[in-house]
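Results of the structural survey
Here's the letter readout for the chains.
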Amino acid sequence: MQRLKGKVALVTGGARGIGEGIVRRFVEEGAQVMITDVLDKEGQALADELGQAYTRLDVVSRSQWDEAITATEARFGRLDCLVNNAGVLVFKRLDDLSEEDIRRIIDINLIGTMFGAQAAIPALERAGGGSIINMSSADGIVGANSLTAYCASKFGVRGFTKSLALELGHRGIRVNSIHPGGIVTAISNPTNLPRDVVDQGYKIYPAQRAGDPHDIGAAAAYLASDDAGYCMGTELLVDGGLVAGHYYAMMPGAPPSMQR
């Protein structure tokens, strides 16, 4: 299926992990993609492999955002979709977070998302409309220990998305958010545990396993496509059922591993 044929997208944090999963799916769906990241070697290698383009972008720099948008239009002639995916994750109690930790998490995850949308609006309007996809998290729906600052940033992205959807919907730009949960990437699995070991930690999920970047790529491709033309301010959870509820262990309907 070529749902994104003729569309041009800019994906932040596109060099690896969830961003790479989005880039690969967009290309499969026919889009042209400007891959952006601060991981130059990985980003350029992915662009070369897929026949796409790469430019460096630190999302906390407003001027670099303008440069990235200009580079995208210069290379591909337009911009139809922005995917604000770049983010950081730090597992620490609030007691142990430094001021630098807190500011870095908020700056990249939330302020970077706001800067990106702000920079992209004129280009999207020049293209006749388009979409902005903001990466929130299942931890932007519910809280999580060790992730206080991260949750704050992702709850912020969630609220920002809804407010911006109101501002831009009538201008032909759809704004939606994706809420991944339990996706295996370098930042969520920093010690590089084997997949079968990782999956053991997800028995509280209805899916009974972790997810993969391609799961988020599929969700992003939908929101970027015309199939999602009536989605504005939508929260798309891709979390294996994490926030659907909780199991009563040993009661009917729980996974076998929880029952007597």
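Note that this is a predicted model, so its numbers are computed, not measured.

1. With respect to the sheet that holds strand S5 (residues 130–135)
Within a beta sheet, neighbouring strands are joined by backbone hydrogen bonds and run either parallel or antiparallel to one another. If you walk across this open sheet you meet the seven strands as S3-S2-S1-S4-S5-S6-S7, and the pairing is parallel. On the outer flanks of this sheet lie strand S3 (53–56) and strand S7 (235–238), each paired with one strand and no other. The mean inter-strand angle of the sheet, taken between neighbouring strand axes irrespective of direction, is 20°. As paired strands, strand S4 (residues 81–84) and S5 are joined by four bridges and run parallel to one another. Bridge pairing in S5 places Val83 opposite Ile133. Where helix H5 (residues 148–168) meets the sheet, its contacts fall on S5, strand S6 (173–180) and S7, and the angle it forms with S6 comes to roughly 160°.

2. Quick look at empty space enclosed by the protein
Within this structure, the stated rule accounts for one cavity of 30 Å³ or more. Of the pockets and cavities examined, the largest cavity occupies roughly 30 Å³. What lines the largest cavity is Val90, Lys92, Leu97, Ile105, Ser146, Leu147, Thr148, Ala149 and Tyr150. Tallying contributions element by element places H5 first for the lining of the largest cavity, with three residues. Here the residues of the lining of the largest cavity are counted per class, giving six nonpolar, two polar and one charged.

3. A short note on the nonpolar core
Counting residues in each nonpolar core, the largest one holds 32 residues, and the members touching the most others are Leu10 and Ile132. Broken down by secondary-structure element, the contributors of at least two residues to this core are strand S1 (8–11), helix H3 (62–76), helix H4 (99–126), H5 and S6. Counting residues per element, this core draws most heavily on H4, which supplies eight residues. Residues Phe26, Cys81, Ile183 and Cys231 belong to the second largest nonpolar core, which totals 28 residues.

Reading the values: rules and limits
All residue numbers refer to position in the chain's written sequence, counted from 1. In view of the model being predicted, local features appear only for residues whose pLDDT reaches at least 70, and side-chain atom pairs are presented and counted only at 80 or more, with totals across whole chains, interfaces and linings using the full set of residues. Computation of side-chain values covers all heavy atoms of the structure but excludes hydrogens and water. By definition, two strands form a pair when at least two bridges between them are found by DSSP. Where helices and strands are cited, they refer to DSSP runs of H or I of at least four residues and of E of at least two residues respectively, numbered from the N terminus. To obtain each axis, a line is fitted to C-alpha atoms, and for helices this fit is confined to the stretch in contact; angles are then taken between N-to-C directions over 0 to 180 degrees. It only takes one pair of heavy atoms within 4.5 Å for two residues to be counted as in contact. Think of a 1 Å grid over the protein atoms and nothing else: a 1.4 Å probe that fits but is trapped marks a cavity, an open set flanked by protein within 12 Å on at least five of seven lines marks a pocket, and residues with an atom within 4 Å of a point count as lining. Grid points are joined across faces, edges and corners, and a volume is the space filled by probe spheres set on the points. Residues are grouped as follows: Ala, Val, Leu, Ile, Met, Phe, Trp, Tyr, Cys and Pro are nonpolar; Asp, Glu, Lys and Arg are charged; all remaining types, including Gly, are polar. Joining through side-chain atoms within 4.5 Å is the link that ties buried Ala, Val, Leu, Ile, Met, Phe, Trp, Tyr and Cys residues into a set, and such a set is a nonpolar core. Exposure classes here rest on a 1.4 Å probe applied to the protein chains alone. A residue is buried below 20% of its type maximum, exposed above 50%, and partly exposed in between.

In short, shape yes, function no, at least from these values alone.
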